[in-house]
Amino acid sequence: MSKQLVEELYTHHVTEVRERIKTDPKLKALLDEKADPKLFEAFLITWNSLGVYMTEPVDGWIRRAGEATVKVGLNDVGQKLIAHAKHEAGHHLMMVEDTKHLVARWNERHSPKLNADALFAEEPTQAMKEYRDIHENTIVGDMPAAQVAIEFEIESLSTIIGPPLLEQAKRVCGEEILEGMSFLKEHTEIDVGHTALNEVMLGKLLSQVPDKAPIIAKTGADALDIYLRFLGDCVDRAGKLAQPAAA
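What this report covers is the structure whose coordinates are included nearby. (Residues numbered from 1 in each chain as written. Predicted model: local features only at pLDDT ≥ 70, side-chain atom pairs only at ≥ 80, totals over all residues. Heavy atoms only, no water.)

## Some words on the side chain of Glu 151
Short version of the rule: Each helix is a run of H or I in the DSSP string that is no shorter than four residues. Each strand is a run of E no shorter than two, and both are numbered from the N terminus. To sort residues, take the accessible area from a 1.4 Å probe on protein chains only and compare it with the maximum for the residue type: under 20% means buried, over 50% means exposed, and anything in between is partly exposed. In this charge count, Lys and Arg are treated as positive and Asp and Glu as negative; neither His nor the chain ends contribute. Should a side-chain nitrogen of Lys or Arg be within 4 Å of a carboxyl oxygen of Asp or Glu, the pair is scored as a salt bridge. Residues count as neighbours in contact if any of their non-hydrogen atoms are within 4.5 Å of one another.
Positionally, Glu 151 belongs in helix α9 (residues 147-173). Among buried charged residues, Glu 151 stands out as having no salt bridge; its nearest opposite-charge side chain is Arg 64, 12 Å away. Contacts of Glu 151, omitting those with residues within four sequence positions, involve Ile 62, His 84, Ser 156 and Asn 198.

See below:
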């Protein structure tokens, strides 16, 4: 019943932005069999270092959205969000460690030499700011339970792009680079289960407030759009890092 409701009331609203996962030119170039290993390595560094800004607040967002959902009378969905928040706590620390590992590896092989702390301190892109905004606005909005749609789309994304990114990393950089990819490895695996749970939760929510399906779906679609633009930002910054050092 959950899957059917999601298909009937939700999926058609997010189909267009989901298609971009397969067609985005920057992601396609990154996963191309002729991709530059230095560019790919630089992408992993930028995605992890900038990703700390995106990931550190996640458990707080989910918990607060759950609490707000309970307050508007959707107790079951709210309690499930609160419980889910505990599983996300501290995940940004994996990105911190992966960045440090990848930067050390980079500095052994390439120029310019990088500093992990400087990368963490870089100015966030517009997409990064919007990612924080959509969470905060959802929590204080009329439908805080739409956080479920954000989780559904972003954790689904891990299961879609995670495996090809891991395979590409091994192919172009060598299997040893996986030592600096703990966040991606873990989320590629655990987000399969999380996505299934999110779909059940989303179906439950839609059964309770079917009239809110368009705003719930728009929240999920907007979050995915923002995250895809963030990935493009990471590719752009990686391109600058991977440029040949000036003579």
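## So, the nonpolar core
Where a protein is soluble and globular, its nonpolar side chains tend to be buried together. Rules: By nonpolar core is meant a set of buried Ala, Val, Leu, Ile, Met, Phe, Trp, Tyr and Cys residues that side-chain atoms within 4.5 Å join together.
Membership of the largest hydrophobic core comes to 79 residues, with the highest contact counts inside it found for Tyr 10, Phe 43, Trp 47, Ile 216, Tyr 227, Phe 230 and Leu 231. Residue contacts for Trp 47: discarding those within four places in its chain leaves Met 95, Phe 183, Leu 184, Tyr 227, Phe 230, Leu 231 and Cys 234.

## So, the layout of surface pockets
Keep this limit in mind: Throughout, the protein atoms alone are placed on a 1 Å grid, and a set of points is a cavity if a 1.4 Å probe fits but cannot get out or a pocket if it is open with protein on both sides within 12 Å along at least five of seven lines; lining residues have an atom within 4 Å of a point. Grid points are joined across faces, edges and corners, and a volume is the space filled by probe spheres set on the points. Under the convention adopted here, Pro, Cys and the residues Ala, Val, Leu, Ile, Met, Phe, Trp and Tyr are nonpolar, Asp, Glu, Lys and Arg are charged, and Gly plus all remaining residues are polar.
Considering only enclosed or pocket space, the largest pocket measures out at about 160 Å³ in volume. Ranked by residue count, the leading element in the lining of the largest pocket is helix α10 (residues 182-208), at five residues. Here the residues of the lining of the largest pocket are counted per class, giving four nonpolar, four polar and one charged.

## Description of the packing of helix α4 (residues 58-71) against helix α5 (residues 75-88)
Filter applied, for reference: Whenever a helix is involved, its axis is fitted only over the stretch in contact; in every case the axis is a line through C-alpha atoms, and angles between N-to-C directions fall within 0 to 180 degrees. The labels follow the angle: roughly parallel below 35 degrees, roughly antiparallel above 145, roughly perpendicular from 65 to 115, and oblique for the rest. Throughout, a crossing is termed right-handed when the near helix is turned clockwise from the far one, and left-handed when it is turned anticlockwise from it by less than a right angle.
Where α4 contacts α5, the two axes come as close as 7 Å, and the packing angle between them is 165°. Here α5 runs roughly antiparallel to α4, going by the angle between their axes. You can see that α4 and α5 cross each other, and the crossing is left-handed. Residue-level contacts link Val 58, Asp 59, Ile 62, Arg 63, Ala 65, Gly 66, Glu 67, Thr 69 and Val 70 of α4 to Asn 75, Val 77, Gly 78, Gln 79, Leu 81, Ile 82, His 84, Ala 85 and Glu 88 of α5. Here the residues of the contact of α4 with α5 are counted per class, giving eight nonpolar, six polar and four charged.

## Considerations on α4
What sets the pattern is the α-helix's 3.6 residues per turn: residues three or four places apart point alike. Defined as follows: Any helix carries an expected span of 1.5 Å times its number of residues minus one.
Along its 14 residues, α4 runs 20 Å from first to last C-alpha, staying within 8% of the 20 Å computed at 1.5 Å per residue. For α4, every residue scored as buried is listed here: Val 58, Gly 60, Trp 61, Ile 62, Ala 65, Gly 66, Ala 68 and Thr 69. Residues of α4 that are buried in the fold lie against α3 (37-55), α5, α8 (126-140) and α9. Once α4 finishes, Gly 73 follows within two positions and takes phi at roughly 100°, a positive value.

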